[in-house]
Amino acid sequence: MRIKNVELRIIKLPLVRPFRTSFGTQYERELLLLKINTNEGSEGWSECVAMSEPLYSPEYTHASQDVMERFLLPKIFEFGDIRAEEVADVMRPFLGHQMSKAAIESAILDAQLKLEGISFGSYLGSTREEVDCGVSVGITPTIEKLVEEVSLYISEGYRRIKLKIEPGWDIEPVGIIREMWPDIPLQVDANQAYTRADSAHLKKLDPFSLLLIEQPLNEHDVLGHAMLAKEIATPICLDESITSLESARDALALKATTIINIKPGRVGGYLESVKIHDLCVESNIPVWCGGMLETGIGRAANIALAALPGFTLPGDTSASSRYYHRDITTPFVMENGRLRVPTEPGIGVAVDLDFIEEITTSRKVIVAP
Ligand code: NPG
């Protein structure tokens, strides 16, 4: 299969409600969509999960477009006939930029699987028809607002609640939610907001029987996580620190993490995600699928991944309505706290081109030489 051209499109979608984390507040989701056309007539879609600003990771939307145009896509074009399984190696000389690389690999995989009549789920090795849904709750202006939002999600059927925390918004809100819902699977996410000096403070979360605490320390402080793990009872789950199979292997060897959050964008793609999943299954480490406020395009592929056997914890794989009034694909609707894994070829969802046109802020087609 040869890539004839790639359409790079930036869209902006307002969020249903602001989403505040320790690294900032999102009011809308800006993201880069890819549509590739192949010489065999198939189309592949993907989204690049980089945010509009480099706050969660060094990547950001416009930088992703730049690195794709200047370096990644020319390499792919130069390679000629290509399969998704070859894409990561072809782009390997260029360092970093996992989210951009993941988006290119995913679009090529979508086009390839559509030609072959295979769904993402079957290709990746999913063993379930549905996945359990968790939901991530941002930092709210007051405890009352937090209780309101958590109540809404629980009434909708979410099976696990994740609370964003930061210094000044941790022990009290988590304690209140735990007291109100003593049995709900509950976890917290700090997005690197603490330091090694905070272990005594984080120990105060121990009584709340949390499933895990996600990424309390800086992404580069893997050793600090290993030290913290000896001090607190809540299991540590790394997110930002895990950017490849190698980093997952090292973090496990160091005992810096006993659970892993897999985000395909963060680790460079779905194929690398499956390798990390397999490593975790071999090592008896539970994994779950993270989220980055994806549209239906990324969500479809994430749900296929989350249906692999090692994904034993509910992910941040929520219904479209948690994020957007209107999605850019057929919306994902939760039933009984679960989403169905798409079964059609490729990502398996229909894209709403008219709506995408309406929310497009830039569009450029890169044609293979
Ligand atoms: O449900 O997609 C979702 C959001 C889940 O909390 C979530 N994502 O740190 O994991 C995170 C956080 C995030 C959101 C990270 C946006 C980066 C961008």
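A brief structural summary.

### Focus: the overall build of the protein
(1) Moving on: Regarding its fold elements, the protein presents 13 helices and 13 strands.
(2) Moving on: In summary, the protein has a C-alpha radius of gyration of 20 Å against a globular reference of 21 Å for 369 residues, a match within 12%.
(3) Moving on: A principal-axis box enclosing the C-alpha atoms of the protein has dimensions of 60 × 40 × 35 Å.
(4) Moving on: By the burial criterion, 59% of the 369 residues in the protein qualify as buried.
(5) Moving on: Of the contacts formed within the protein by residues at least 6 apart in sequence, a portion of 72% connects residues at least 24 apart.
(6) Moving on: For the protein, the exposed surface amounts to about 14800 Å²; the carbon and sulfur share of it is 52%.
(7) Moving on: Positive and negative side-chain charges in the protein, numbering 37 and 53 respectively, have mean positions lying 1 Å apart.

### Regarding the packing of helix α9 (residues 245–253) against helix α11 (residues 270–282)
(1) Moving on: Remark: α9 packs on α11, axes separated minimally by 9 Å, with the N-to-C direction vectors making an angle of 20°. The orientation of α9 relative to α11 falls into the category roughly parallel. α9 and α11 meet at a crossing whose hand is right-handed. Within the contact between the two elements, α9 uses L245, E246, A248, R249 and L252 and α11 uses E272, K275, I276, L279 and C280.

### Let's talk about the nonpolar core
(1) Moving on: In this structure, M68, I104, L163, L205 and I260 are the most contacted members of the largest nonpolar core, which totals 122 residues.
(2) Moving on: Taken domain by domain, this core gets at least three of its residues from each of domain 1 (3–117 + 349–367) and domain 2 (122–340).
(3) Moving on: What M68 contacts, discounting residues up to four positions off in sequence, is L8, L32, L34, C48, L73, P74, S100, A103 and I104.
(4) Moving on: Within the second largest apolar cluster, 5 residues are counted, among which are C237, I259, W288 and L313.

### Concerning the site of the ligand
(1) Moving on: As a matter of local geometry, the ligand sits amid 17 residues, with S136, N191, K263, L293 and Y323 nearest to it.
(2) Moving on: In this structure, an oxygen atom belonging to the ligand sits 2.7 Å away from a side-chain N or O atom of S136.
(3) Moving on: The contact in question runs from an oxygen atom of the ligand to an N or O atom on the side chain of D189, over 3.4 Å.
(4) Moving on: Burial of the ligand by the surrounding chains reaches 100%, relative to a free accessible area of 430 Å².
(5) Moving on: Its residues assigned to classes, the shell around the ligand shows 7 nonpolar, 3 polar and 7 charged.

### Remarks on the pairing of strand β10 (residues 259–262)
(1) Moving on: By the alternation rule, side chains of β10 split into I259 and N261 and I260 and I262, which are all buried.
(2) Moving on: Pairing between strand β9 (residues 236–238) and β10: 2 bridges, direction parallel. Following the sheet pairing, C237 is matched in β10 by I259.
(3) Moving on: Inspection of the sheet shows β10 paired to strand β11 (residues 287–289) by 3 bridges, in the parallel sense. Bridging from a neighbouring strand, I262 pairs with C289 of β11.

### A look at the sheet that holds β9
(1) Moving on: The 7 strands lie next to each other as β5-β6-β7-β8-β9-β10-β11, forming an open sheet whose pairing is parallel. The two strands at the open ends of the sheet, each matched to only one other strand, are β5 (134–137) and β11.
(2) Moving on: Looking at chain direction, strand β8 (residues 213–214) and β9 are connected through 2 bridges and run parallel. Within the sheet, the bridge partner assigned to E214 lies in β9 and is C237.

### Section: the sheet that holds strand β2 (residues 24–38)
(1) Moving on: Pairing in this open sheet of 4 strands is antiparallel, and the strands run β3-β2-β1-β13 from one edge to the other. Here the strands that pair on one side only, and so sit at the sheet edges, are β3 (43–48) and β13 (360–367). Adjacent strand axes in the sheet meet at a mean angle of 20° when their direction is disregarded.
(2) Moving on: Pairing analysis gives 7 bridges linking strand β1 (residues 3–21) to β13, with the strands arranged antiparallel. By the bridge assignment for β13, L8 is matched with K364.
(3) Moving on: In the packing of helix α1 (residues 61–79) onto the sheet, contacts are made with β1, β2, β3 and β13, and the angle to β1 comes to roughly 155°.

What counts, and at which threshold
Residues numbered from 1 in each chain as written. Predicted model: local features only at pLDDT ≥ 70, side-chain atom pairs only at ≥ 80, totals over all residues. Heavy atoms only, no water. Helix = DSSP H or I, 4+ residues; strand = E, 2+ residues; numbered from the N terminus. Rg over C-alpha atoms; globule rule 2.2 N^0.38 Å. Buried < 20%, exposed > 50% of the residue type's maximum accessible area, 1.4 Å probe, protein only. Contact = heavy atoms within 4.5 Å. Areas by Shrake-Rupley, 256 points an atom, 1.4 Å probe, with all protein chains shown as cover. Lys, Arg positive; Asp, Glu negative; His and termini not counted. Charge placed at Lys NZ, Arg CZ, Asp CG, Glu CD. Axes fitted to C-alpha atoms, helices over the stretch in contact; angles between N-to-C directions. Parallel < 35°, antiparallel > 145°, perpendicular 65-115°, else oblique. Left-handed = near helix turned anticlockwise from the far one by under 90°. Core = buried A, V, L, I, M, F, W, Y, C linked by side-chain atoms within 4.5 Å. Domains from an automatic or database assignment. Near = heavy atom within 4 Å. Polar contact = N/O pair within 3.5 Å; in protein donor to acceptor, adjacent residues only side chain to side chain. Nonpolar A, V, L, I, M, F, W, Y, C, P; charged D, E, K, R; others polar. Pairing = 2+ DSSP bridges.

That's the geometry; what it means functionally is another story.
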